[in-house]
Amino acid sequence: MIQLSPRGKILYQFLNLTVVLLLLYSVGFSLSALSLLPAGQLTGLFSAAASQEFRTQIFQLLCLTGFISAGLMMAGESLSDREAARALRAWSAFVALAAVLSPLELGQLLDGITALALLFILLWCRRADGSSFMRVWRLSLLLIALSLPAGHIAPSAVGPALDAFQRQAAFALGALSMVFWLMPRFSVGGREKALESLPIAALFLLLGGSLISLGRMPLPALIGLGAAPLVVLSYIILAGHVARSLRERHENASLATHWIALAALCWLAGAGILGALLIQSGIAEALGGTDISAAQDWLGEWFIAAVVLAFINEAATSLRGDNRRVTGYLPLWLIAFGVGASFIAQLCRGVAQFYLREFGADTAFSEAELLLPITIVWLIGLLVAAAGIVVYALGYFARRPAIRLVEP
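These figures come from a predicted structure and were not determined experimentally.

Trainee: Mind showing me how you'd approach the confidence of the model for the chain here?
Mentor: Detail in the predicted coordinates should be disregarded across regions flagged by low pLDDT. Of the residues in the chain, 92% have a pLDDT of 70 or more, and the chain-wide mean is 84. Looking across the chain, the model is least confident in strand β2 (residues 403-405), with a mean pLDDT of 66, and most confident in helix α14 (residues 372-398), with 91.

This is the structure we're talking about:
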């Protein structure tokens, strides 16, 4: 049993909600992969559009719940316990409603409501601490609130760019603020050093993420050639900031550093390497409509999700008041292997799709049937990642202590 203040109990309940959404996210990406199997293989019950919509909405709720939890900890005492309790009740009700409606393909309505909720949260937090952590956090929520409805009303040619901007810039900024806020908790570098470095890192992230997003639209070849080094440079600088803090860490047993290391690897491979490649107009045009962009988005999602998991581990350790692991190494390795294997398999699917569309037009089999062996390998990777999430959740809830409320 641990003793917590009302605010501490509220924060723990936010962490519990985040872990539940993590489980639903594993269901979402597993169903979306199953829906791509040929008819009659394993299941024909899942609509691809409904599965993808469910996955997208649950991922957004997972990230935003983690961001709001981090925002409460960043804000400190500038927000009252009563305000925090109201935020928990309101957000929990919204999450339950959105999760129930997400398979009904009401994406435009749900994104609009989510945008309004985020704008309300920004107004609610206007009196919070004005540190660089909170400023980048607020900017992230503002960009998410603006980009969610914009993706539904923008021209079709701009839609893919806005979708990429959400993951590579808007959501990624929120994750970046959490990484730098966590740094003094696991690194010997102090809070002041993290506060000084965050604005520079945020500018490079916006630069790299915006260029990757523009790469989803047709660009002149000269612009693509000039932008590719900037994309690589941006993410190398960002990774350098993270790597330095990981090298200079102190004795922190929460495994937050391990999750942040996984996030940095996803960042470099998905945004840095693939981003520089796909911004080339010729390559982007040739690979358009294949799973290459989806593979990049997959790693973009896991950069953010891994940071959320790092925050859960560190926040739970801090609230418990000890320096012990909240979850074990097994979920870390399962998720890392599953995400990496599924990423490679999805890249292979994209290359095979390009080859079939260019040279296999006369085949008697459908594309889904021809890609079935690679799809099964991809699905196995996703199931391994889902198993890691289940083990993570079981470990988290098994080690969740009883809470005794202590009034201040």
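We are not done yet, so read on.
Trainee: I would appreciate a short explanation of the pattern of salt bridges in the present structure.
Mentor: When the charged atoms of two side chains with opposite charge come close together, those side chains can pair. For the structure shown, the criterion picks out three salt bridges. For E301, the salt bridge goes to R167, with nearest N and O atoms at 3.0 Å. One end of the pair, E301, is in helix α11 (residues 292-320); the other, R167, is in helix α6 (residues 159-186), with 134 residues separating them in the sequence. Note on R167: relative accessible area 13%, which makes it buried. Residues D291 and R349 are paired through a salt bridge, measuring 2.6 Å at the closest nitrogen-oxygen approach. Note that D291 is positioned in the loop between α10 (281-287) and α11 and R349 in helix α12 (residues 329-359), a separation of 58 residues in sequence. Here D291 and R349 have matching classes, each one buried. Connected through shared salt-bridge partners, R55, R167 and E301 make up one network.

Trainee: Please explain empty space enclosed by the protein as it appears in this structure.
Mentor: Applying the stated rule across the entire model yields one cavity of 30 Å³ or more. Each pocket or cavity is described by its volume, and for the largest cavity that value is around 50 Å³. Around the largest cavity, the lining residues are R167, Q168, A172, C266, W267, G270, A271, Q296, L299, G300 and F303. Mapped onto the lining of the largest cavity, the elements with two or more residues apiece are α6, α9 (256-278) and α11. Of the residues contributing to the lining of the largest cavity, the split by class is six nonpolar, four polar and one charged.

Trainee: Looking at this model, I keep getting lost on the packing of α12 against α14. Mind explaining?
Mentor: Packed helices, taken two at a time, are described by the angle between their axes plus the distance between the axes. Viewed as axis vectors pointing N to C, α12 and α14 meet at an angle of 160°, and their least axial separation amounts to 7 Å. Regarding the angle of α12 to α14, the classification is roughly antiparallel. Regarding α12 and α14, the two cross each other, and that crossing is left-handed. Here the residues of the contact of α12 with α14 sort into 20 nonpolar, six polar and one charged.

Trainee: Whenever I open this one, the side chain of D297 confuses me. Can you help?
Mentor: Within the secondary structure, D297 sits in helix α11. Filtering out sequence-adjacent residues up to four positions away, D297 remains in contact with R167 and R216.

Cut-offs applied
Residues numbered from 1 in each chain as written. Predicted model: local features only at pLDDT ≥ 70, side-chain atom pairs only at ≥ 80, totals over all residues. Heavy atoms only, no water. pLDDT = per-residue confidence, 0-100. Helix = DSSP H or I, 4+ residues; strand = E, 2+ residues; numbered from the N terminus. Salt bridge = Lys/Arg side-chain N within 4 Å of Asp/Glu carboxyl O. Buried < 20%, exposed > 50% of the residue type's maximum accessible area, 1.4 Å probe, protein only. 1 Å grid on protein atoms, 1.4 Å probe; cavity = no way out; pocket = protein on both sides within 12 Å on 5 of 7 lines; lining within 4 Å. Points joined across faces, edges and corners; volume = space filled by probe spheres on them. Nonpolar A, V, L, I, M, F, W, Y, C, P; charged D, E, K, R; others polar. Axes fitted to C-alpha atoms, helices over the stretch in contact; angles between N-to-C directions. Parallel < 35°, antiparallel > 145°, perpendicular 65-115°, else oblique. Left-handed = near helix turned anticlockwise from the far one by under 90°. Contact = heavy atoms within 4.5 Å.

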